[in-house]
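A look at the structure
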Number of protein chains: 4
Amino acid sequence: MMETLLRRCQIRSQIVRECIAEFLGLYIAVLIGSGAAAQVVTSRGTHGDYLTIQLGSALGAVFGIFVARGVSGAHLNPVYSLSLCVLGRHPWKKLPLYSLSHLVGAFLGAATVYLQYYGKISTVFILILILSFNEYAIQTFSGGELLVAGPNATAGIFCSYPADHLSFWGGLVDQVVATALFLLCCVALEDQRNGPLPDGLHPVLVGALILTMGVSMGSNCGFPLNPARDLGPRLFTFVAGWGEEVFKAGGGWWWVPIVAPFVGGLLGTLTYELLIEAHHQTTPQSPQQEQEAVELEEVVFLKPETFYWVITVISLMPVLEAGEEASLAIL
Amino acid sequence: MMETLLRRCQIRSQIVRECIAEFLGLYIAVLIGSGAAAQVVTSRGTHGDYLTIQLGSALGAVFGIFVARGVSGAHLNPVYSLSLCVLGRHPWKKLPLYSLSHLVGAFLGAATVYLQYYGKISTVFILILILSFNEYAIQTFSGGELLVAGPNATAGIFCSYPADHLSFWGGLVDQVVATALFLLCCVALEDQRNGPLPDGLHPVLVGALILTMGVSMGSNCGFPLNPARDLGPRLFTFVAGWGEEVFKAGGGWWWVPIVAPFVGGLLGTLTYELLIEAHHQTTPQSPQQEQEAVELEEVVFLKPETFYWVITVISLMPVLEAGEEASLAIL
Amino acid sequence: MMETLLRRCQIRSQIVRECIAEFLGLYIAVLIGSGAAAQVVTSRGTHGDYLTIQLGSALGAVFGIFVARGVSGAHLNPVYSLSLCVLGRHPWKKLPLYSLSHLVGAFLGAATVYLQYYGKISTVFILILILSFNEYAIQTFSGGELLVAGPNATAGIFCSYPADHLSFWGGLVDQVVATALFLLCCVALEDQRNGPLPDGLHPVLVGALILTMGVSMGSNCGFPLNPARDLGPRLFTFVAGWGEEVFKAGGGWWWVPIVAPFVGGLLGTLTYELLIEAHHQTTPQSPQQEQEAVELEEVVFLKPETFYWVITVISLMPVLEAGEEASLAIL
Amino acid sequence: MMETLLRRCQIRSQIVRECIAEFLGLYIAVLIGSGAAAQVVTSRGTHGDYLTIQLGSALGAVFGIFVARGVSGAHLNPVYSLSLCVLGRHPWKKLPLYSLSHLVGAFLGAATVYLQYYGKISTVFILILILSFNEYAIQTFSGGELLVAGPNATAGIFCSYPADHLSFWGGLVDQVVATALFLLCCVALEDQRNGPLPDGLHPVLVGALILTMGVSMGSNCGFPLNPARDLGPRLFTFVAGWGEEVFKAGGGWWWVPIVAPFVGGLLGTLTYELLIEAHHQTTPQSPQQEQEAVELEEVVFLKPETFYWVITVISLMPVLEAGEEASLAIL
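Rules behind the numbers
- Residues numbered from 1 in each chain as written.
- Chains lettered and ligands numbered in written order.
- Predicted model: local features only at pLDDT ≥ 70, side-chain atom pairs only at ≥ 80, totals over all residues.
- Heavy atoms only, no water.
- Helix = DSSP H or I, 4+ residues; strand = E, 2+ residues; numbered from the N terminus.
- Buried < 20%, exposed > 50% of the residue type's maximum accessible area, 1.4 Å probe, protein only.
- Contact = heavy atoms within 4.5 Å.
- Areas by Shrake-Rupley, 256 points an atom, 1.4 Å probe, with all protein chains shown as cover.
- Expected span 1.5 Å × (residues − 1).
- Salt bridge = Lys/Arg side-chain N within 4 Å of Asp/Glu carboxyl O.
- Phe/Tyr/Trp six-rings, centres within 6.5 Å; stacked < 30°, edge-to-face > 60°.
- Axes fitted to C-alpha atoms, helices over the stretch in contact; angles between N-to-C directions.
- Parallel < 35°, antiparallel > 145°, perpendicular 65-115°, else oblique.
- Left-handed = near helix turned anticlockwise from the far one by under 90°.
- Nonpolar A, V, L, I, M, F, W, Y, C, P; charged D, E, K, R; others polar.
- UniProt positions renumbered as here; feature names shortened; annotations may be inferred.
- Patch = residues over 30% accessible without salt bridge, like charges linked within 9 Å, V, L, I, M, F, W, Y side chains within 5 Å.
- Lys, Arg positive; Asp, Glu negative; His and termini not counted.
- Charge placed at Lys NZ, Arg CZ, Asp CG, Glu CD.
- Polar contact = N/O pair within 3.5 Å; in protein donor to acceptor, adjacent residues only side chain to side chain.
- pLDDT = per-residue confidence, 0-100.

Scanning chain A for helices and strands turns up 15 helices and zero strands. Burial statistics for chain A: of 331 residues in total, 64% are counted as buried. In chain A, the proportion of contacts linking residues at least 24 apart, taken out of those at least 6 apart, comes to 79%. For chain A, the accessible area works out to roughly 12400 Å², and carbon and sulfur atoms hold 67% of it.

Pasting the structure below:
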């Protein structure tokens, strides 16, 4: 009976299946990750600490990936989808659909956490209102008790805000470096020619990578790394009562965790491709190519070129600082 | 000699073997999990903290599963057994026997922890009394020092009580969401078509999932997730001296961790089945079915239907709130 | 050259190789485990906490097992060797040699930790003295600053002492329960018919099991579980300056972590064998045996018998309490 | 297009590829490891604690190894390269190139962490100046606010300094013991004849090993274990403004984490080779060699010889103490 019911619900369209999987995967990751933050903030540290929040983010990603990996490959991040598109391993036309699925998943994940901790009838209406695109009613839910900044702030449960000591430009650099590192390692874990990986270990390692980001680059601005995971919950907090402050806080910080990860992600992906993956491409394809003369001239020629790449990648980051005074003058 | 002895003790009945394995598996899980809580509570935090309690729960499940997995599949949870029955992967007639084994295992696991920390001759009598169903003597053991609420409360070592700030209805929603997430991920990990998993990794991942629940949804009411694991130790605390208060506390909270997990578990199982598993059923069975026309009408027809399911699942939760005022009025 | 050198040092005797491996394995486990405790005690909690000590114990066992597993199977614990002997999977005549190797490994592991934290010339002499069995000189090293009890106690770095609140008999029960659980899970992990395990995962799971013991049964008396790991370091602290107090403390506690693990270990091993392993012995050996009638009478006969075993195992523990008053009267 | 671009950048020289991989691997390990320390120090403990720093070091190594393992085997440590050279498993002529790559990677990793936390235009100049070997300009950047010692010290983020209570000689012994243990376990994990290991598990276990060192031997002097990982960041802090104090601190401590790991690494490697690996060399090579008489004389002859080695290795450490008074007199 159940079998028959399930078969009747079967979707044959590959892209619809993939979007549902991406949606559900990020929904789970955000539900767990934001839940871990909400638990520590609302219990004022008695039910967890900084480490359990990072564990929550990491384990959320692990199980989000396990849910989606067989259907869509479990990108769960528009930056990762973009990287694969740039490398020619994912069709460009799927990028907007995947990104939209991520955004919806992150939005509803945040909504579910809100429901668990601030459970009110109003949430039902909010969801209905959003689904019917009624822009008018949104403002009316902005209660005074949902604060973005200060000791009772709760907006940080859902999306990232910069630490007080962080300059605008410093936060941007921080995001670019962090996402570059993140994507570099993600692409390395996917690189079968670098070394095989037992099948079930991959999602666990991505989780470990997110824990890594949390313990090593989480203090400046909460390591967003994922534009959808930041924008979706931010949109939710906007409509759920925290109001316009979620976009105004930190000097209009909100667009940084959307733009910086794309820049950093491409930087990290290219760094790995140029420093590691580009060089073992011949091994499985053409063993005869290996046998042809390793022209010494070419080695000599390429060697400085590659080191030029290394220096460029490293140097690119400080160069960005040049605009610091300019941007500070504007803001 | 040992070999011969063991062979003489051999049981051929499959169902008896399975019940023993389920009993022993949950006995171990509760012994470790409640032991971790007891250690932190009785040492007043010097020998562990919130994280070690969650680690104890998670690792208890890991080793409970390792002990039972080869014989019965290591359900260790009536909700999981029910989900498999609903999906047609487990015979319905085994469900009550499995659930009873879980209940006995959890009861005796709690009894062993009690023995380690409050080791008294009386425990022997209690066990004998329970086994002979002598209802009369139970009340006489209720000493004053075994408290359910307040700073010296110890009942929370064994089973869940809601946090003070939590409304009755909020706790119910919390339980439903948590168990839905838990079962969704459990079913996903079992789904071989979603992706293969090295054999020994499965129990470890279920343990990681329980740790996940602890760090992301543990602060409201201690994430029961498992009716037997909550009711068994609660019955034990009832007979061991905490008395009727274990059923009265939290406004008659005790039935919520029994009913809510079943509701949430079915919700989570169905969500996974409808959003993910239903759609890759053809892949390994009938590749010719794939080749037949992907009728666009059907895709168009099914697409909104599926999204309807997503919305329904998400919306179901807030709808439950409607009864909040009503229930508050009654209690 | 190195190859030739190594080949010249090759030992052909299997038993000598195994004893060296067992020695080195437990040496590493104690060096890491006691090192973790020493780090927290001597830094007064700034470089670690209760959890890092447990992680140290667990990871020490992991790497001790990785070092020894290929040669001797990495028992690293006389109790585990005894269990295998009882089950007929290890020759009895090797038991004393293995146990002695464990004792020497634990002794020298403690000595190396002592060297790192209290590095003094005297250690050299102590080692030499011990090796030449000069019993006389040992007493002269007993300085006053090496304390067994009180806030500045350091003896607990090396071996276990019972918590103040623990009665003598309660500690004994605690040890028996803990080692029973430990061995039950160890034997389960080894049981290939219960379920296969990837080869490298086994040592990691044993480490996880020790972490489990640490977070769930570590507060009463520091979960010794291993007679050699407790007696070896205790002997070292005796000769290294803590003096006779290491044997007198806790009302002559020292023999409990030697005797109780053997009792608990056998109890746990037999529990697993009788409840789980005895019943799947036919599966891989004789499928025709399965086909022969599952005689219902026998099932009915065995069913209560097995539950009798369960009850016996559980009940055995409280029965031990009977001697509590007697023992308290004596001590 | 991307494919073509990448193929044009391909380097055919094996040694250049390997050096780039070693560079990138240690760059990532230091970026993550120092990032974790920086996060805790600069947030004054609100975004992590001692355990998260150790997790950062461990996970940094894990992902550094995943990035480099397919190309160069991911040594990431001159001591490990040296050990392989001594064992005849790595060509001696590659050792200086590998070590230089490690040094550059660690230097730039520290520079990137500095950029994230102290992001200033000056960093660009520093990098340029270093690359053009302009020794003069370095001193001018020494600001007063970058302190090596005291409560506001930040130099410890990048490289190791001894704890106040540690004597010079005690720190040296601590380093030798720690690196000996580290290399012993590293070599054991690589020893295929000791036991197989799933491919993707190896980097994770090395990470666990580094966590082990952190929780068991990290309090005395921060477990350098890796000369390049210590010297590279120290050079960076020297040029980035902490000044000469980074070499003067701790009584000229800086050379200890460079020399001691080499001594300890060789000690640990030889210990494993002599106690374990030397003795299972025949098993896969020559089964007939096994059948030839196990000459009892030889066993008797070799047995004390091997134990002599054990004692020598253990005794070597305390012998080092002899120089303690002498060194204290000089410093």
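This next bit is on helix H2 (residues 14-42) of chain C. Residue and element names in this part refer to chain C. The end-to-end C-alpha separation of H2 is 41 Å, in line with the 42 Å expected for 29 residues at 1.5 Å each. In terms of residue burial, H2 counts as a mostly covered element, since 25 of its 29 residues are buried. Immediately beyond the C-terminal end of H2, within one or two residues, lies Arg44, with a positive phi of roughly 50 degrees.

On to the pattern of salt bridges, then. For the structure on display, the rule yields 21 salt bridges over all chains. Measuring nitrogen to oxygen at the nearest pair gives 3.0 Å for the salt bridge that ties Glu18 of chain C to Lys94 of chain C. Taken together, the positions of Glu18 of chain C in helix H2 and Lys94 of chain C in the loop between helix H4 (78-86) and helix H5 (95-118) put the pair 76 residues apart, joining distant regions of the chain. An identical accessibility class is assigned to Glu18 of chain C and Lys94 of chain C; each is buried. Note that Arg234 of chain D and Asp230 of chain D form a salt bridge whose closest N and O atoms lie 2.6 Å from each other. In this pair, Arg234 of chain D and Asp230 of chain D are both assigned in helix H9 (residues 227-242), four residues apart and thus about one turn of the helix distant. Side by side, Arg234 of chain D and Asp230 of chain D carry an identical accessibility label, which is buried.

For helix H11 (residues 256-275) of chain A, with 20 residues, the first-to-last C-alpha span of 28 Å sits near the 28 Å given by 1.5 Å per residue. With 15 of 20 residues buried, H11 of chain A lies mostly within the body of the structure.

All names here are of chain C. Under the defined criterion, the tally for this structure stands at 24 aromatic pairs over all chains. Note on Tyr114 and Phe236: the rings are 5.3 Å apart at their centroids and 70 degrees apart in plane angle, and the pair reads as edge-to-face. Here Phe236 lies in helix H9 (residues 227-242) and Tyr114 lies in helix H5, a separation of 122 residues in the sequence. Each member of the pair, Tyr114 together with Phe236, is buried.

All right, on to the packing of H4 of chain C against helix H7 (residues 168-190) of chain C then. All names here are of chain C. Close contact between H4 and H7 brings their axes to 11 Å; oriented N to C, the two are set at 60 degrees. Regarding the angle of H4 to H7, the classification is oblique. Two packed elements cross with a definite hand, and for H4 against H7 that hand is right-handed. Seen from H4, the contacting residues are Val79, Tyr80 and Ser83; seen from H7, they are Thr179, Leu183, Cys186 and Glu190. For the contact of H4 with H7, the class distribution of residues is four nonpolar, two polar and one charged.

This part takes up the UniProt feature "transmembrane region" (unreviewed entry) in chain A. Residues and elements named next belong to chain A. When the UniProt feature table is mapped to this numbering, "transmembrane region" (unreviewed entry) covers residues 20-41, 53-74, 95-115, 169-189, 201-225 and 252-275. Strand forms 0% of residues 95-115 and helix 100%; the C-alpha atoms that close the span are 30 Å apart. Taken end to end, residues 201-225 is 68% helix and 0% strand, and its first and last C-alpha atoms sit 22 Å apart.

The next subject is a negative patch on the surface. A cluster of acidic residues, Asp49 of chain A, Asp49 of chain B, Asp49 of chain C together with Asp49 of chain D, forms a negative patch on the protein surface. Its place among the elements puts Asp49 of chain C in the loop between H2 and helix H3 (50-72).

With that settled, the discussion passes to a nonpolar patch on the surface. Together, Trp254, Trp255, Val259 and Val263 of chain A give the surface a local cluster of nonpolar side chains, amounting to about 330 Å² of exposed area. Within the fold, Trp255 of chain A resides in the loop between helix H10 (245-252) and H11.

We now examine the side chain of Glu273 of chain C. As for its placement among the helices and strands, Glu273 of chain C is situated in helix H11 (residues 256-275). Overall, the relative accessible area of 0% leaves Glu273 of chain C in the buried class. What Glu273 of chain C contacts, discounting residues up to four positions off in sequence, is Leu6 of chain B together with Leu87, Arg89, Val187 and Ala278 of chain C.

Bringing the environment of Phe262 of chain C into the picture now. Residues and elements named next belong to chain C. Along the polypeptide, Phe262 turns up in helix H11. Remark: the alpha-carbon pair of Phe262 and Tyr80, spanning 182 residues in sequence, is separated by 8.8 Å. Once residues within four sequence positions are removed from consideration, Phe262 is found in contact with Pro78, Val79, Leu82 and Pro227.

So, about unusual backbone geometry. Most peptide bonds take the trans configuration, and most residues that are not glycine carry a negative phi. We note that Ala74 of chain C has phi near 55 degrees; this positive angle belongs to a residue other than glycine. By secondary structure assignment, the location of Ala74 of chain C is in the loop between H3 and H4. The phi dihedral of Leu76 of chain D falls on the positive side, at around 60 degrees, and the residue is not glycine. Owing to a relative accessible area of 6%, Leu76 of chain D belongs among the buried residues under this scheme.

A separate point is the side chain of Ser13 of chain A. Residues and elements named next belong to chain A. Note on placement: Ser13 falls in the loop between helix H1 (2-8) and helix H2 (14-42). For Ser13, a relative accessible area of 11% translates into the label buried. Here the side chain of Ser13 touches Val16 through a polar contact of 3.3 Å, landing on its backbone nitrogen.

A few words now on the confidence of the model for chain A. Residues and elements named next belong to chain A. Confidence along chain A averages 74 in pLDDT terms, with 73% of residues attaining 70 or more. Note that residues 131-144 has pLDDT below 50 and, in this model, 16 contacts with residues that lie over four places away or in other chains. Counted against residues more than four places away or in other chains, residues 283-304, with its pLDDT under 50, gives 14 contacts.

Okay, the environment of His90 of chain B next. Residues and elements named next belong to chain B. For His90, the location among the structural elements is in the loop between helix H4 (78-86) and helix H5 (95-118). Overall, His90 belongs to the buried group, its relative accessible area being 10%. Those residues in contact with His90, other than ones at most four positions away along the chain, are His75, Leu84, Cys85 and Tyr98.

Okay, the packing of helix H7 (residues 168-190) of chain B against helix H11 (residues 256-275) of chain B next. All names here are of chain B. It is the contact of H7 with H11, at a shortest axis distance of 6 Å, that shows an interaxial angle of 45 degrees. The angle between H7 and H11 places the two elements in the oblique class. Both H7 and H11 take part in a crossing whose hand is right-handed. Of the residues in H11, those in contact with Phe168, Leu172, Gln175, Val176, Thr179, Ala180, Leu183, Leu184, Val187 and Ala188 of H7 are Val256, Ala260, Pro261, Val263, Gly264, Gly265, Leu267, Gly268, Thr269, Thr271, Tyr272 and Glu273. The class makeup of the residues in the contact of H7 with H11 is 14 nonpolar, seven polar and one charged.

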